Amino acid sequence: MTQHEDTALQVAGKTYQSRLIIGSGKYRDFDENLAALEASGAEIITVAIRRVNLGQNADEPSLFDVISPEKYTILPNTAGCYTAEDAVRTCRMARELLDGHKLVKLEVLGDQTTLYPNVTETLEAAEELVKEDFDVMVYTSDDPLVAKRLEEIGCVAVMPLGAPIGSGLGIRNPYNIRLILENANVPIIVDAGVGTASDATIAMELGCDGVLMNTAIAEAKQPILMASAMKKAVESGRQAFLAGRMPRRLYASASSPIDGTFF
Amino acid sequence: MEVIINGDQHLIDSSYSLMDLLVNLEMTQGQIAVELNGEIIPKSTFQQQQLSDGDKIEIIQAIGGG
């Protein structure tokens, strides 16, 4: 920003210029993912932890051959976990995989059709992971009490959903997001639900510290163009939040003065 | 001897260390992590880690995900 300095996003002691976090799922290939990542300006990218394919060609590029863990902050997720136990196990594997890297995205799902978080399992996993010295960015519902509890447990960022994962329905309950923000002392990042640029802007205008998205970019007809749109949307929303919007009025308020009219 | 690797049964030489197995599977190039019977095995000990009949081995990697 030129006029007023914004404070950068800080997560687990590290500073990020971009408030957009993107995923690496659903892209056509790693190259398209990388191009979208570059266009988005994001510095953090989520990855999933899965079994290797035993038959896979050893020469085939892996995700990290294309998206460099030296250049970007890799955020391993626990997607697909339905119990605290599986999520904790996945994080431990991720930490070993990434040579002691402590930052993880915890998500414990409760239901296959909504992919809604299982909050009780999430709380249990968060407690264990914090105890094991992980830096936990936690995906959760938009319940303000649960969000606060996750902060108290010691999560480094709380990430309420805007709408179900991959739904593209936008920020369905902005009032709950606001309630979460009012009580927060850690970054609040909307994770899931964003469908298009204006959704990301709405999240940022509410005062969120960031937005995490995957499908909105990966499933756009032109993912790289959408990644660029999302970069601007997040920046615009942030600036609008800092600028402070005008009050809403029921009736008009003329922009041109009445004084000096000659008719 | 028989071990289970990523959910599938495999017959391997009974003298194999974990490192021997990974070499045999051509898994030494990429970034992976290994769990043996539910315990994470640090990369630095792959060579010393002997395998036994019935071992359950998980070999994981990072892939695209949101």
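Thresholds applied
- Residues numbered from 1 in each chain as written.
- Chains lettered and ligands numbered in written order.
- Predicted model: local features only at pLDDT ≥ 70, side-chain atom pairs only at ≥ 80, totals over all residues.
- Heavy atoms only, no water.
- Buried < 20%, exposed > 50% of the residue type's maximum accessible area, 1.4 Å probe, protein only.
- Helix = DSSP H or I, 4+ residues; strand = E, 2+ residues; numbered from the N terminus.
- Arc of directions from axis to C-beta.
- Contact = heavy atoms within 4.5 Å.
- Polar contact = N/O pair within 3.5 Å; in protein donor to acceptor, adjacent residues only side chain to side chain.
- Core = buried A, V, L, I, M, F, W, Y, C linked by side-chain atoms within 4.5 Å.
- Phe/Tyr/Trp six-rings, centres within 6.5 Å; stacked < 30°, edge-to-face > 60°.
- Lys NZ or Arg CZ within 6 Å of the ring centre and 35° of its normal.

J.: Lay out helix 5 (residues 144–153) of chain A in plain terms, naming residues and giving numbers.
T.: All names here are of chain A. Three or more residues of helix 5 are buried, namely Val-146, Ala-147, Leu-150, Glu-151 and Ile-153. Buried residues of helix 5, viewed axially, fall in a sector of 160°; they line one side. Of the exposed residues in helix 5, those oriented more than 90 degrees away from the buried face are Leu-145 and Glu-152. Contacts from the buried residues of helix 5 go to helix 4 (119–131), strand 7 (135–140), strand 8 (157–160) and helix 6 (174–182). Two or three places before Leu-145, at the opening of helix 5, Asp-143 has a side-chain oxygen 2.8 Å from that residue's backbone nitrogen. Following helix 5 by one or two positions, Gly-154 adopts a phi angle in the positive range, close to 120°.

J.: Give me the lowdown on the nonpolar core, citing residues and values where you can.
T.: One finds Ile67(A), Leu106(A), Met213(A), Ile217(A) and Met230(A) to be the most contacted residues of the largest nonpolar core, which totals 69 residues. Here this core takes seven residues from helix 3 (residues 84–97) of chain A, the largest share from any one element. Leu21(B), Leu25(B), Ile41(B) and Ile59(B) belong to the second largest nonpolar core, which has 18 residues in total.

J.: Can you explain the packing of aromatic side chains? Please cite residues and give values.
T.: All names here are of chain A. The tally for this structure, following the rule as stated, stands at one aromatic pair over all chains. Seen in terms of ring centroids, Phe-262 and Phe-263 are 5.1 Å apart; in terms of plane orientation they differ by 70°. Their pairing is edge-to-face. Overall, Phe-262 belongs to the exposed group, its relative accessible area being 76%. Among the residues examined, Phe-263 registers a relative accessible area of 77% and is labelled exposed. It is Arg-95 that lies over the ring of Phe-134; its NZ or CZ is 3.8 Å from the centre. The ring of Tyr-139 carries the charged tip of Lys-105 above its face, separated from the ring centre by 5.8 Å.

No statement about biological role is implied by the geometric values presented.
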